[in-house]
Amino acid sequence: MNASDARIDRYWERLHVWGPYGLLGTSVVLAVVSAGIMDGPDDWYLVGALVVAAIVLQTWWHGTRHRRVRRGRSPSRAGTAYYAVRWAIAFVLTWLNPFFAFYAATGYMDADELIPGLWRRLGLFASAVTVAGAQAGGLMPDSTAQWLGFAALLAANYGLQSVVAHITEQEEQRSRERTSTIEALQQALDENAALHAQLLVQAREAGVADERRRLAAEIHDTLAQGLTGIIAQLQVVANTPDECQAREHVHRAMDLARHSLGEARRSVHNLAPVALEHDGLPQALKNTVADWGERTGIRAEFTVAGTTEQLHDEVSATLLRIAQEALSNASRHARAGRLGLTLTFLGDEVILDIRDDGVGFDPLAVAPRSRTGGFGLDGMRARAERIAGSLTVESEPGHGTALSARVPLVRHDQ
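The shown structure was predicted, so the numbers you read here are calculated from the model rather than taken from an experiment.

(A) Representation of the overall build of the protein chain within the structure. When helices and strands are tallied, the protein chain shows 11 helices and five strands. Within the protein chain, the proportion of its 414 residues that are buried is 36%. Sequence separation of at least 24 residues holds for 68% of the intrachain contacts in the protein chain that already meet a minimum separation of 6. Approximately 23,900 Å² of the protein chain is accessible, and the part contributed by carbon and sulfur atoms is 59%.

Given below as structure tokens:
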């Protein structure tokens, strides 16, 4: 409830508490002024007793009952009894002096809060009888004209109060509906907040898992391959008696170690591969193929087809990692004499083809990745699919292998 609604409720509460006193006081003043209307001292004694009874009733109802019916709360039997006793006092007072109709009009103020259901209409009708009788010249009418006037005034009073009561009931119904709607919306908001929190947790967990996969793939593509190359160079050193040749392989091993260290640092910070730090993808692939061929002794060629484009960093890094994995697999498994790598720009996509004349394999018989093995074809395919690309493999035993990675061409400035 906002401050404005609370202030209105306080005004209504004050009106319900002090309104009957004010109307009763007004009636008493007017009755004293019109003292000639009443017959004798007995009427005055009765009026005095009833006024005291009205004050006591009002004080009891609003002073000592802490569970009184307040605006917006449901009517009760106690409220109905209070209304009936007050109406009876007001009816007798109005019978004695019509000016007490002001006090009788109190029944119009709170019938909706004191009387439940259809009984509320009966309470309004009873109050309308009292007020209409006073307006017609007093109770009881003593001529046909007064009876007709009384009937017309009763119809007017009751009709007006019925319209007001109907409007009040409609407003209460709309208020309950609004309250129900607000509660439903609040419940929906709470459920959405809980769902949002759950989605954040799931997204965080998915992000952690994705980051772990990225680091695992980066470590495999950089550290694992670099260490493999270092081991190969050191094995040559261990098996050759030529000091100059051994020194050359030691230098290669040191260069691989430095390169692997740089790649490890960039993997941790999610930066581009070292090969792409100063060169575009074509030059990085050319250098990678040349270094790989020199290190493995396999004849390797690199070709670029189509109009070269400056690719987005993620696209370049993905294709470079796929090429590095393919070259690593070829050096370990293919036993090839020649290998060719082609980078093709085709307007809206980029194609990376790697072909070798090695021993080949059956793609359907590839064993799943082991705990000690590389990421292999699954890793390359996952990398391509991560940027909405695809990877196809063509191979058979004794006839070499052909890999083709196709990814969307996303330019550097997009």
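(B) Layout of the pattern of salt bridges. Applying the stated criterion across every chain, the model contains five salt bridges. One salt bridge connects Arg-338 with Glu-301, and the closest N-O pair in it is separated by 3.8 Å. Of this pair, Arg-338 sits in strand β2 (residues 338–345) while Glu-301 is found in strand β1 (residues 299–305), placing the two residues 37 residues apart along the sequence. For Arg-381, the salt bridge identified is with Asp-378, shortest N-O distance 3.9 Å. Taken as a pair, Arg-381 and Asp-378 lie in helix α11 (residues 376–386) at a separation of three residues, close to a single helical turn. In this structure Arg-381 comes out as partly exposed when scored by relative accessible area, which is 28%. One network of salt bridges, in which partners are shared, links Arg-299, Glu-301 and Arg-338.

(C) Region of the structure containing α11. The complete set of buried residues in α11 reads Gly-376, Leu-377, Gly-379, Met-380, Arg-383 and Ala-384. Take α11 and look down its axis: the buried residues cluster within an arc of 165°, on one side only. Phi turns positive, to about 65°, at Ala-388, one or two residues after α11.

(D) Representation of the sheet that holds β2 within the structure. The mixed open sheet is built from five strands, whose spatial order is β1-β2-β3-β5-β4. The sheet is open, and its two borders are formed by β1 and β4 (390–395), each paired with just one other strand. Across the sheet, the mean angle from the axis of one strand to that of its neighbour is 10°, orientation sign disregarded. Bridge count between strand β3 (residues 349–356) and strand β5 (residues 401–408): eight bridges; the pairing is antiparallel. Along β5, the bridge assignment pairs Asp-353 with Ser-404.

(E) Structural detail: the pairing of β2. Where β1 lies against β2, seven bridges are found, and the strand directions are parallel. Residue Glu-301 lies in a different strand from β2, and its bridge partner there is Gly-340. Each parallel crossover has a hand, and for β1 linked through helix α10 (residues 313–334) to β2 it is left-handed. Count of turn residues in the β2/β3 antiparallel hairpin: three residues, of which Gly-347 carries a positive phi of about 75°.

(F) Here's a closer look at unusual backbone geometry. The phi torsion at Arg-335 lies on the positive side, around 50°, for a residue other than glycine. Counting through the fold element by element, Arg-335 comes out in the loop between α10 and β2. Judged by relative accessible area, which is 67%, Arg-335 ranks as exposed. Of note, the phi angle at Ala-388 is positive, near 65°, even though the residue is not glycine.

Parameters and conventions
Residues numbered from 1 in each chain as written. Predicted model: local features only at pLDDT ≥ 70, side-chain atom pairs only at ≥ 80, totals over all residues. Heavy atoms only, no water. Helix = DSSP H or I, 4+ residues; strand = E, 2+ residues; numbered from the N terminus. Buried < 20%, exposed > 50% of the residue type's maximum accessible area, 1.4 Å probe, protein only. Contact = heavy atoms within 4.5 Å. Areas by Shrake-Rupley, 256 points an atom, 1.4 Å probe, with all protein chains shown as cover. Salt bridge = Lys/Arg side-chain N within 4 Å of Asp/Glu carboxyl O. Arc of directions from axis to C-beta. Pairing = 2+ DSSP bridges. Axes fitted to C-alpha atoms, helices over the stretch in contact; angles between N-to-C directions. Right-handed = clockwise from strand over helix to strand, strands pointing away.

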